[in-house]
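In case you want the letters, here they are:
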Amino acid sequence: MATPPPHPNTPQGNPLAPQGGYAPNGAQAYGSYGTQDAYGAQNSAYGQNPYAQAPYPQNPAAPAAQNPAYGQNPQAHAPAPAPAGGYAYQAAPPLTPACRICAAQPARDMTIRQHTGLLVAMRFSKMEGPFCRSCATAIHREMTTKTLAGGWWSPVSLIAFTPLTLLWNLYVRTKIRKLPQQAMPSPTGIVMDQGKPIAQRPLAYVFLLLPLLWLAVYISN
C-alpha cells in the first residue's frame, strides 16, 4: 500500500513544536525578532547580568564630575559658600592682652627693672606687664632714671647689678619701640605721663659725680 504524500501545510521536523508561530506561556517563536527565552526576557551576552537596571539618563548640560584621586578629600580645597545677601563671613581678630595700667590695646608682656645700691644693702624693684606703648615708655623712663641716680652707692651694685639692670632695660626699650600706638584712647581714662626723655632728666647724670665722691672719701681716709 502506497504512503500518501504529506499535506502541504504540515511542518517538517519536530511534530510537537508549536505551529503557526504560536509559543506557550506568551514566549515568541524562534526567529521572530530578537532572541528571547521562554520567559520573555531577551538573551544577553555571556557574563552580563540580564537583571541589571539600565543607567539613569544624565543631563547633557551639566558638567561631568571628575573622580578625585585615591586618598584625597574632594571637599578639602572647596571654597566656603558665601552667605545669602552678599555678606562674606569674616573671622574674628585674634585676642591680644590689654595693658594692666590703662587697659589699652595692643599691649605686650615685658618686665622693667630698677636697682638701688645702698652702702650696706641693695634693693631690687620690677614692674611686670603687659603694658601698652605709652605706659611702658613712662615706666621705663622713671625706673631707668632712678637706677642711674641711685644704683651706684654700693661696691657690688657698682660692679655688677647696676650695669646689668641698665642693659636689661635697654633690651626692654627695643620691645617697646616695636609696639604700635593705640588707635583708641584708654577705656579706663587712665593716662600715664611719660615725662621727659631720660637724656633730658638731671638725675640721669648723677653717676658722673661718683668718681668725685669716691675720690673725696679716699682723701678723707
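Let me sum up the structure you'll find in this document.

Calculation criteria
Residues numbered from 1 in each chain as written. Predicted model: local features only at pLDDT ≥ 70, side-chain atom pairs only at ≥ 80, totals over all residues. Heavy atoms only, no water. Helix = DSSP H or I, 4+ residues; strand = E, 2+ residues; numbered from the N terminus. Buried < 20%, exposed > 50% of the residue type's maximum accessible area, 1.4 Å probe, protein only. Contact = heavy atoms within 4.5 Å. Areas by Shrake-Rupley, 256 points an atom, 1.4 Å probe, with all protein chains shown as cover. Expected span 1.5 Å × (residues − 1). Bend = angle between axes of the 7 residues up to and from the residue. Core = buried A, V, L, I, M, F, W, Y, C linked by side-chain atoms within 4.5 Å. Axes fitted to C-alpha atoms, helices over the stretch in contact; angles between N-to-C directions. Parallel < 35°, antiparallel > 145°, perpendicular 65-115°, else oblique. Left-handed = near helix turned anticlockwise from the far one by under 90°. Nonpolar A, V, L, I, M, F, W, Y, C, P; charged D, E, K, R; others polar. Salt bridge = Lys/Arg side-chain N within 4 Å of Asp/Glu carboxyl O.

Turning our eyes to something else, we now look at the overall build of the protein chain. A count of helical and extended segments in the protein chain gives three helices and two strands. Helices (α) and strands (β) of the protein chain occur, in sequence order from the N terminus, as β-β-α-α-α. Across the 221 residues that make up the protein chain, the buried fraction comes to 21%. For the protein chain, the proportion of contacts with a sequence separation of at least 24, taken over those separated by at least 6, is 66%. For the protein chain, the exposed surface amounts to about 17,600 Å²; the carbon and sulfur share of it is 62%.

Our next topic: helix 2 (residues 155-177). For helix 2, built from 23 residues, the straight-helix expectation of 33 Å at 1.5 Å per residue is met to within 8% by its first-to-last C-alpha distance of 33 Å. When the local axis directions of helix 2 are compared, the greatest deviation, roughly 40 degrees, occurs at Phe 161, which is followed within four positions by the proline Pro 163. Along helix 2, the residues that are buried comprise Ser 157, Thr 162, Thr 165, Asn 169, Val 172, Lys 175 and Ile 176. Where helix 2 is buried, its residues touch strand 1 (111-117), strand 2 (122-128) and helix 1 (133-150).

Positionally, Phe 207 belongs in the loop between helix 2 and helix 3 (210-220). Spatially, the C-alpha atom of Phe 207 lies 8.2 Å from that of Gly 150, the residues being 57 residues apart in sequence. Beyond its immediate sequence surroundings of up to four residues, Phe 207 is in contact with Leu 148 and Trp 152.

On to helix 1, then. Under the 1.5 Å per step criterion, the end-to-end length of helix 1 is 26 Å for 18 residues, consistent within 8% with the ideal 26 Å. In terms of residue burial, helix 1 counts as a mostly covered element, since 15 of its 18 residues are buried.

Core analysis: the largest hydrophobic core is formed by 15 residues, its most contacted members being Cys 99, Cys 102, Met 110, Ile 112, Phe 131 and Cys 132. Counting only elements with at least two residues in this core, the list comes to helix 1 and helix 2. Here this core gets four residues from one element, more than from any other, and that element is helix 1.

Okay, the packing of helix 1 against helix 2 next. Contact pair helix 1 / helix 2: the axes reach a minimum separation of 11 Å and the direction vectors enclose 165 degrees. Overall, the two elements helix 1 and helix 2 adopt an arrangement that is roughly antiparallel. Considering how the two elements wind past one another, helix 1 and helix 2 form a crossing that is left-handed. Residues Arg 133, Ala 136, Thr 137, His 140, Thr 144, Thr 147 and Leu 148 of helix 1 form the contact with helix 2, whose own contacting residues are Thr 162, Thr 165, Leu 166, Asn 169, Leu 170, Arg 173, Ile 176 and Arg 177. In terms of residue class, the contact of helix 1 with helix 2 is built from five nonpolar, seven polar and three charged.

Now for the environment of Leu 164. Considering the arrangement of structural elements, one finds Leu 164 in helix 2. For Leu 164, a relative accessible area of 55% gives the class exposed.

Moving on, we get to the pattern of salt bridges. Inspection of every chain in the model, using the stated rule, returns three salt bridges. Linking Glu 142 and Lys 146 is a salt bridge whose minimum nitrogen-to-oxygen distance equals 3.5 Å. Taken as a pair, Glu 142 and Lys 146 lie in helix 1 at a separation of four residues, close to a single helical turn. The exposure class of Glu 142 is partly exposed, given its relative accessible area of 36%. Across the salt bridge formed by Arg 201 and Glu 142, the nearest N and O atoms sit 3.4 Å from each other. With Arg 201 in the loop between helix 2 and helix 3 and Glu 142 in helix 1, this residue pair connects regions lying 59 residues apart in the sequence. For Arg 201, a relative accessible area of 14% puts it in the buried group.

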